[in-house]
Amino acid sequence: MSFVILAAALLLVLMTPGAMALRRHQLRRALGTFDASISTVSGRWTMGVCRYAEADLEFLRLFSVSPVPARRFLRSSLELRGWREPNEGEVSRVQPGSVIVSLLYGDEELLLAMDYGSYTGLSSWIEAGPVVGVGTWR
């Protein structure tokens, strides 16, 4: 009996990285996704994949098997502040070749690290969105 439990636990431990890799592969194949790392005021960086939804920008953690986004940002509440190169303390925490994008979401300041091509797509997506209180966006 203990052998069965031990074998099941070992199988679970071995399958989890494979499930995470498969999930990331499927996310990256979908249109409207890009690799990014996110940092909030705490300064801790979390790697993941961002996905454009109709009215939201969704952030899914890289090391997770959950299909549910860890964070959602309402498109009309995102304000793009600009981009910069990573500083010395950030270079080792973000992917090589990334730029740091500063966003304001309500009263919360967010930093997203992504490649420059993804930044241009994000800025276009935000700017093409609806103006709050004006018309209906479809």
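Coordinates for the structure precede this section.
Here's a quick rundown of the structure.

This brings us to the overall build of the protein chain. Check the secondary structure of the protein chain and you find three helices and seven strands. Listed by position from the N terminus, the elements making up the protein chain come as α-β-β-β-β-β-α-β-β-α. Looking at the protein chain as a whole, 35% of its 138 residues qualify as buried. Residue pairs in contact within the protein chain that sit at least 24 positions apart in sequence constitute 38% of those at least 6 positions apart.

Glancing now at the sheet that holds strand β7 (residues 108–115). Overall, antiparallel pairing links the seven strands, which are arranged β4-β3-β2-β1-β7-β6-β5 in an open sheet. Sheet topology places β4 (71–74) and β5 (78–84) at the edges, where each strand pairs with a single neighbour. This sheet shows a mean twist of 30° between the axes of neighbouring strands, independent of strand direction. With four bridges joining them, strand β3 (residues 56–61) and β4 adopt antiparallel strand pairing. Note on β4: the bridge partner recorded for phenylalanine 59 is arginine 71.

The next thing to look at is helix α3 (residues 116–127). With twelve residues, α3 extends 16 Å from end C-alpha to end C-alpha; this agrees with the ideal 16 Å at 1.5 Å per step. Residues of α3 that are buried in the fold lie against β1 (33–39), β2 (45–52), β3, β5, β6 (98–105) and β7. The N-cap residue of α3 is aspartate 115: its side-chain oxygen and the backbone nitrogen of glycine 117 are 3.3 Å apart.

Overall, the coordinates contain six aromatic pairs when judged by the stated rule. On the numbers, 5.2 Å between centres and 70° between planes, the contact of tryptophan 83 with tyrosine 116 is edge-to-face. Pair noted here: tryptophan 83 is in strand β5 and tyrosine 116 is in helix α3, with a separation of 33 residues, a long-range link. Overall, the relative accessible area of 38% leaves tryptophan 83 in the partly exposed class. Overall, tyrosine 116 belongs to the partly exposed group, its relative accessible area being 42%. Through successive ring pairs, a cluster of aromatic residues spans Phe34, Tyr52 and Trp125.

Parameters at a glance
Residues numbered from 1 in each chain as written. Predicted model: local features only at pLDDT ≥ 70, side-chain atom pairs only at ≥ 80, totals over all residues. Heavy atoms only, no water. Helix = DSSP H or I, 4+ residues; strand = E, 2+ residues; numbered from the N terminus. Buried < 20%, exposed > 50% of the residue type's maximum accessible area, 1.4 Å probe, protein only. Contact = heavy atoms within 4.5 Å. Pairing = 2+ DSSP bridges. Axes fitted to C-alpha atoms, helices over the stretch in contact; angles between N-to-C directions. Expected span 1.5 Å × (residues − 1). Polar contact = N/O pair within 3.5 Å; in protein donor to acceptor, adjacent residues only side chain to side chain. Phe/Tyr/Trp six-rings, centres within 6.5 Å; stacked < 30°, edge-to-face > 60°.

All we've got here are geometric facts, nothing functional implied.
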